[in-house]
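The lines below spell out each chain.
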Amino acid sequence: MKNEPDKHPWQKVLDNPWLLLVLGVLIPVLSYTVWGWIELLLTKPALLP
Amino acid sequence: MSLRPLTAPWFHGPAGHEKIWLGCAILWCFVMSLMMPYWHFRGKQNSTGEAYTVKPVDFLARTEKFVAANRVGTYTNPGNNPLMGDLPLVEPPAGGDAYLIGRMWQWYPALRLRLGETYRLHLSALDLQHGFSLQPLNMNFHVLPGYDHVLTITPTSKGEFTIVCNEFCGIGHSGMSGKIFVE
Amino acid sequence: MSTTSHNLTAPGTPGRVCGTTGLSVCLDAQRFIKLNAVCGIVFLLLGGIAALLLALTRWQAVHLLPVDWFYRILTFHGINMLILWILFFEVAILYFACTTPLNARLFSRKVAWVSFGLMLTGAVMVDYVILAGRADVMMTSYLPLLAHPLFYLGIILVAVGTLVGVFNFFATLYVAKRDGAYTGSIPIVTFGALAAAIIAVVTLLHGAVVMIPTFTYAMGWTAQPDPAWYRLIWWGLGHQSQQVNVCAMVAVWYLLTHIIVGARPINEAVCRTAFVLYILFINLASAHHLLVDPGVGATWKIWNTSYAMYLAVLASMVHGFTVPAGVEIAMREKGYTRGIFGWVTALPWMNPAFSATALSLVIFGFLGGITGVTLGTQQINIIAHNTLRIPGHFHVTVVGGTTLAFMGLAYYVIPLIFQRDFIGRGWARVQPWIFGGGITLLSFGMSFAGSMGVARRSWDIDAQGVYGPAAHLWLGVLGLGGILAFTGLLIFALLCVGTLFFGAKIEKRAMADWGTPPALAGSRPGSLANDHYATKGTMVLTLVFLACFVVYYFANWKALADVWPVR
C-alpha cells in the first residue's frame, strides 16, 4: 500500500508515540521519584549527643 | 502543515538562523550546567540537605538540654506580637551545635552567635512543616517534623536578625517569629 | 472492513465540515470539547474571584479578608486555577488535537462521559469541602496538615477522571492510525498535545500514589505517610501538571500562529525534538521545590533541577525561536519585508487570539522562563524559597503564559466549535492586553516584595515588624495588578458566557474574521521554505532575550554571594 523510503532512525522515534510514552514515564520516575525516594529511605537517625 | 498530517518527507537537520540559535542556546545551557557544581565545590552558599531522622519528642528534649546548658538570658518580645511570648536567649559554644525548634507559633529558643564562627545549626519542627526564613538576609530553608535539618552556617554580619516562618502552619502562621543576634 | 471505522469521513460517522477551515469536526469530540471548555471557564471565574480577594488582602493597606478566610480562599484559588481550570481546558484541547487534525473520530463517547463525570464530581466535592472550612491546607496540603477526607477523594477523582480522558486521547490516536484515518506523521499541534498527554500520565500517577495513602490516613485506616516523602511525590503531581501546561501552551502557540498568520514550523524535526526533550526531561525539575529541603542530597538536587543539564530548557529556547520564526517567515512571504521588524508592526495586534499568543510568548519567555530557571538553581533557591518571588514566577508562567494562550484559543474555539460569533468584539480586542498587563504588574509586585523577604502564603506582614515601606509599596503594586488582571479575566468570562447565549449563530458560513494580515502585492507563498537566513527579526529578539537571561542569572548569583556561608 505505502512505499515508504527509509526513515532516519530519529524520525522513527519521533513517529512512535508508544515509545515516547514509555520513555516519558520511565526516565522521570527513575531520576526524580525513585532516586529521591531512595535518598529519603537512606536518611540516618540523628545522634543527638 | 501545522494542522494536517505530514505526507511528504520532512526530516532534515537545522540550518541557518535556527542552527545559530541552537548553538547559542546549547552553549548557554552548558554554562548553566557548570554553575551549580562549580558553586557546590567553590561557592560558600549551598543547600546540601544534610539531615537525620528524629522523633519530635527526642529533638525537643535535646533542645531543652541545649537551652539549659547554654542559656545567657531572656529575649523579651517588644509586644506587638501576642503569639510570641518571651524566649530564652541561648549562646552555643563557638564552632559547636545549636538547636532550633519550629513549632506553632514560634522559633525556640532565641540564639546569640559570634561573628565569623561556624556553627552546626540543627533545625526541626515539632508539629507541622515550617519555613525557616532569616530576615533581612532572606535565607530560607525548609523544616520538617521527623527530620533534623543541619545547616553548617557562619554569620558574617552583625546585628539583630528575625526568623520569619514562610510555610503555612495554621492560623498564627504570619505572626510566627524568632530571633538570632550576632555579636 | 470494520463496521465502526474511526475515519471521520467514513459513511455514518457523526461529523461535520467546518465552514471556516474546511476541516472535519467529530461531533462526539465537539460535544466534549464544549462540556470541558465550559467547565474550565467556570472554574477560571471562581478562581479569579478568589484571586481578587487575595490580592486585596496581601495589599496591606486594604487587607480585605480576615485571617481564616484568607487561608481558605488561598487554598480555593490554588485548586481552582492550577488543577480545575487548567485540566478541564486541556482535556478539551486533547479531544480536538486527536480528532480534527487526523481526520479521526473520538475513540469512545462512553469513556468521555466517565472522564467528565469523574472530573466534575471530584471538582464539586473538593470546592465544597474547602468552602465549608474543612480543608484549610493550601493546594499542597502538606502533611502533617490534615484536611477532611473528601478533599483528598475529590482530588483523586479529578486525577482519575483526567487520566481516563488522556486514555481516550491515546486510544483515538491508536485507532486512527489502525483504521487509516490519516497517512504520514501526525501534525505538530497533535504532537504537542501528545507530549502534554504523556507528561499528564506521569503527573496523574504521582497524584494517585500520594493521594491514596493520604486519603486512607485521613479516614483513620492507615498510618501517616512521611512528610518528606509526601513532598517528593506531591510535587511529582504538582509541578509536572505545570509541565503539561507548558506543552499544551506551546501546542496552542503553533495552532494559533498557523490559523491567524499561516505560520508553519520552520523545521519539523527541530520542533518535535524539542517536544521530546520536554517528554524525557522536563518532569525532573519538580526537584526545584525541594532544593532547600532536608533528606534529599546535593547531587540529586543539582541533576534533577537542571532538567538533565538544561536539556528541557533548551527545548523552551527552541520553541521561543521557532514560533516567532514561523510567524516571520509567513509574514515575509506575504510581502511584509520592510527592514528587520516591518513584519512585526503589520501583525494583527487587535486580533485578540493573536495578541494573547504574542503576549503569552513574551511574558512566559522573558519573565517566566528566566525567573524559573534562576530561582530553580539549588543555591539561588536559598534566597527565594517560599518568598513571594515564587508566586511572582509562576504567575507569569501558568497565568501570563498558559492561561493567556488558552484565552486566545477560546476566541477561535467558541466560533469554530460552539459556532457562535463573539459579542462585545471591541472589549475582546483589548482583553488580552488588560489581562496580560495586570498579571505582569502583579508578578513584579510579588517578585520585588519577595526579594525583600516577604513570605508567600502569609496573611499579614506587619506582625513581624521587619518589613519596611518598600515592601509595602510592592504589595500595593501586587494589589493593583490583581485588580487589573481580574478585570481582564472578568471581561473574558462575561464575553464567553454572553457569546454562548447571545452570539450570532454560525451555521455554514465562515466565522467573523478577527483580523488576519492580508497577502500584499509582492506575496510569494512558500518562497522562503529553503531560505534559512530570512528570520532576522526573530534572531534579534532571541538574542535580546538571551542577554536578559544572562544578566538576570548572574545578578542572582551575586545576590546569593552576599548572604552568610552555609552548607
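Residues numbered from 1 in each chain as written. Chains lettered and ligands numbered in written order. Predicted model: local features only at pLDDT ≥ 70, side-chain atom pairs only at ≥ 80, totals over all residues. Heavy atoms only, no water.

**So, the overall build of chain A**
Filter applied, for reference: Here a strand is any run of E in DSSP of at least two residues, a helix any run of H or I of at least four, and the numbering for each starts at the N terminus. Think of it in three bands: with a 1.4 Å probe and only protein chains considered, a residue is buried below 20% of the maximum accessible area for its type, exposed above 50%, and partly exposed in between. Computed by Shrake-Rupley with a 1.4 Å probe, the accessible areas treat only the displayed protein chains as cover when residues are assessed.
Looking only at helices and strands, chain A has two helices and zero strands in total. Counting over 49 residues, chain A shows a buried share of 35%. Counting only carbon and sulfur atoms, one obtains 70% of the accessible surface of chain A, whose full area is about 3,400 Å².

**Examining the overall build of chain C**
Heads up, the condition is: Whether two residues are in contact is decided by their heavy atoms: any pair within 4.5 Å suffices.
Check the secondary structure of chain C and you find 15 helices and two strands. Along the longest, intermediate and shortest principal axes, the C-alpha atoms of chain C span 65 × 60 × 45 Å. The buried share among the 567 residues of chain C stands at 69%. Considering only contacts within chain C whose residues lie at least 6 apart along the sequence, 83% involve residues at least 24 apart. Accessible area for chain C stands at about 17,600 Å²; split by element, carbon and sulfur atoms hold 71% of it.

**Remarks on the side chain of Gln60(C)**
Residue and element names in this part refer to chain C. Test applied: Identification of polar contacts relies on pairs of N or O atoms within 3.5 Å, with a donor-acceptor requirement for protein atoms, meaning one able to donate a hydrogen and the other able to accept it, and with residues adjacent in sequence counted only if both atoms are side-chain atoms.
By the secondary structure assignment, Gln60 is in the loop between α1 (27-58) and α2 (67-97). A polar contact of 2.9 Å, which involves the side chain of Gln60, links it to the side chain of Asp460. Among all residues touching Gln60, those that are not within four sequence positions of it are Trp459, Asp460, Ile461, Asp462, His472 and Leu475.

**Describing the interface of chain B and chain C**
How we decide: A pair is scored as a salt bridge if a Lys or Arg side-chain nitrogen falls within 4 Å of a carboxyl oxygen belonging to Asp or Glu. Nonpolar residues are Ala, Val, Leu, Ile, Met, Phe, Trp, Tyr, Cys and Pro. Charged residues are Asp, Glu, Lys and Arg, and all others, Gly as well, are polar.
The interface of chain B with chain C comprises 82 residues on the first partner and 104 residues on the second. Linking chain B with chain C are one salt bridge, by the criterion used here. Measuring nitrogen to oxygen at the nearest pair gives 3.1 Å for the salt bridge that ties Glu167(B) to Arg457(C). Contributing elements (two or more residues each) for the side of chain B that touches chain C: α1 (16-42), β8 (130-135), β9 (139-143), β10 (147-153), β11 (159-165) and β12 (177-182) of chain B. No other element matches the 20 residues that α1(B) contributes to the side of chain B that touches chain C. Here the residues of the side of chain B that touches chain C are counted per class, giving 44 nonpolar, 33 polar and five charged.

**Here's the deal with the interface of chain C and chain A**
Quick reminder of the rule: Simply put, the buried area is the total loss of 1.4 Å probe accessible area from both parts when two parts are fitted together.
At the interface, 38 residues of chain C touch 23 residues of chain A. Around 2,600 Å² of area is buried between chain C and chain A when both sides are counted, 76% of it from carbon and sulfur atoms. Looking at the side of chain C facing chain A, the largest losses of area belong to Leu232(C), Leu280(C) and Trp300(C), adding up to 19% of the total buried there. For the interface between chain C and chain A, the tally reads zero salt bridges.

**What to know about the packing of aromatic side chains**
Put simply, the rule reads: Centres within 6.5 Å make a pair out of two Phe, Tyr or Trp rings, where for Trp the six-membered ring is used; the pair is then stacked when the planes are under 30 degrees apart, edge-to-face when over 60, and tilted otherwise. Counted as over-ring charges are cases with an Arg CZ or a Lys NZ within 6 Å of the ring centre that also lie within 35 degrees of the ring normal.
This model, assessed by the stated rule, comprises 47 aromatic pairs over all chains. Pairing Trp39(B) with Trp557(C) gives two aromatic rings, centres 4.8 Å apart and planes at 45°, and the pair type is tilted. Here Trp39(B), found in helix α1, pairs with Trp557(C), found in helix α15 (residues 536-561), and the two come from separate chains. For Trp557(C), a relative accessible area of 3% corresponds to the buried category. The structure contains a cluster of three or more aromatic residues connected by ring pairs, namely Trp28(B), Trp39(B), Phe366(C), Phe545(C), Phe549(C), Tyr553(C), Phe554(C) and Trp557(C). Lying over the aromatic face of Phe191(C), Arg272(C) brings its terminal NZ or CZ to 5.3 Å of the ring centre.

**Section: the side chain of His289(C)**
Residue and element names in this part refer to chain C. By the secondary structure assignment, His289 is in the loop between α7 (268-281) and α8 (298-305). Given a relative accessible area of 17%, His289 falls into the buried group. Side-chain polar atoms of His289 contact the side chain of His288, separated by 3.5 Å. Among all residues touching His289, those that are not within four sequence positions of it are Arg231, Trp235, His239 and His385.

**Examining a nonpolar patch on the surface**
Filter applied, for reference: Each patch is assembled from residues with relative accessible area greater than 30% and no salt bridge, linking like charges that lie within 9 Å and nonpolar side chains (Val, Leu, Ile, Met, Phe, Trp, Tyr) that lie within 5 Å.
A contiguous nonpolar surface patch, about 540 Å² in accessible area, is contributed by Val22(A), Leu26(A), Leu30(A), Val34(A), Ile38(A) and Leu42(A). Here Leu42(A) shows up in the segment after α2 (17-41).

**Re the pattern of salt bridges**
Residues and elements named next belong to chain B. The full count for this structure, using the stated rule, is 18 salt bridges over all chains. One salt bridge in this structure joins Arg120 and Glu50, with 2.7 Å as the shortest N-O distance. Within this pair, whereas Arg120 is found in strand β7 (residues 119-125), its partner Glu50 is found in the loop between α1 and β1 (51-53), the two being separated by 70 residues in sequence. By relative accessible area, Arg120 is classed as partly exposed at 28%. In the salt-bridge network here, residues are joined through shared partners; they are Glu91, Arg112, Arg114 and Glu183.

**Re the environment of Gly522(C)**
Residue and element names in this part refer to chain C. Checked against the element boundaries, Gly522 lands in the loop between α14 (469-502) and α15. Measuring from C-alpha to C-alpha, the distance between Gly522 and Pro101 comes to 31 Å, with 421 residues separating the pair along the chain. Among all residues touching Gly522, those that are not within four sequence positions of it are Glu333 and Gly335.

**Side note on the nonpolar core**
What counts here: We call a set of buried residues a nonpolar core when its members are Ala, Val, Leu, Ile, Met, Phe, Trp, Tyr or Cys and they connect through side-chain atoms within 4.5 Å of each other.
Grouped together as the largest cluster of nonpolar side chains are 282 residues, with contacts concentrated most on Phe132(B), Met139(B), Ile180(B), Phe151(C) and Phe169(C). For this core, the element with the most residues is α2(C), which contributes 23 residues. What Phe151(C) contacts, discounting residues up to four positions off in sequence, is Thr75(C), Ile79(C), Val126(C), Val129(C), Ile130(C), Ala135(C), Val137(C), Met138(C), Met139(C) and Ser141(C).

**Structural notes on empty space enclosed by the protein**
Residues and elements named next belong to chain C. What counts is decided by this rule: Put simply, the grid is 1 Å and covers the protein atoms alone, a cavity is a trapped set of points that fit a 1.4 Å probe, a pocket is an open set with protein on both sides within 12 Å along at least five of seven lines, and lining residues have an atom within 4 Å of a point. Grid points are joined across faces, edges and corners, and a volume is the space filled by probe spheres set on the points.
By the definition in use, this model includes 10 cavities of 30 Å³ or more. One number sums up the size of the largest cavity: a volume of about 260 Å³. In terms of lining residues, the largest cavity is bounded by 19 residues, among which Phe96, Leu255, Val413, Leu416 and Ile417 are the most central. Of all the secondary-structure elements, those providing two or more residues to the lining of the largest cavity are α1, α2, α6 (227-261) and α12 (389-416).

**Section: unusual backbone geometry**
Put simply, Met104(B) and Trp105(B) share a cis peptide bond, and its omega is 0°. Along the chain, Trp105(B) turns up in the loop between β4 (97-103) and β5 (106-108). A cis geometry characterises the amide bond from Leu143(C) onward to Pro144(C), with omega recorded as 5°. Summarising the element assignment, Pro144(C) is placed in the loop between α3 (109-131) and α4 (149-178). A positive phi angle is found at Asn386(C), which is not glycine, with a value near 65°.

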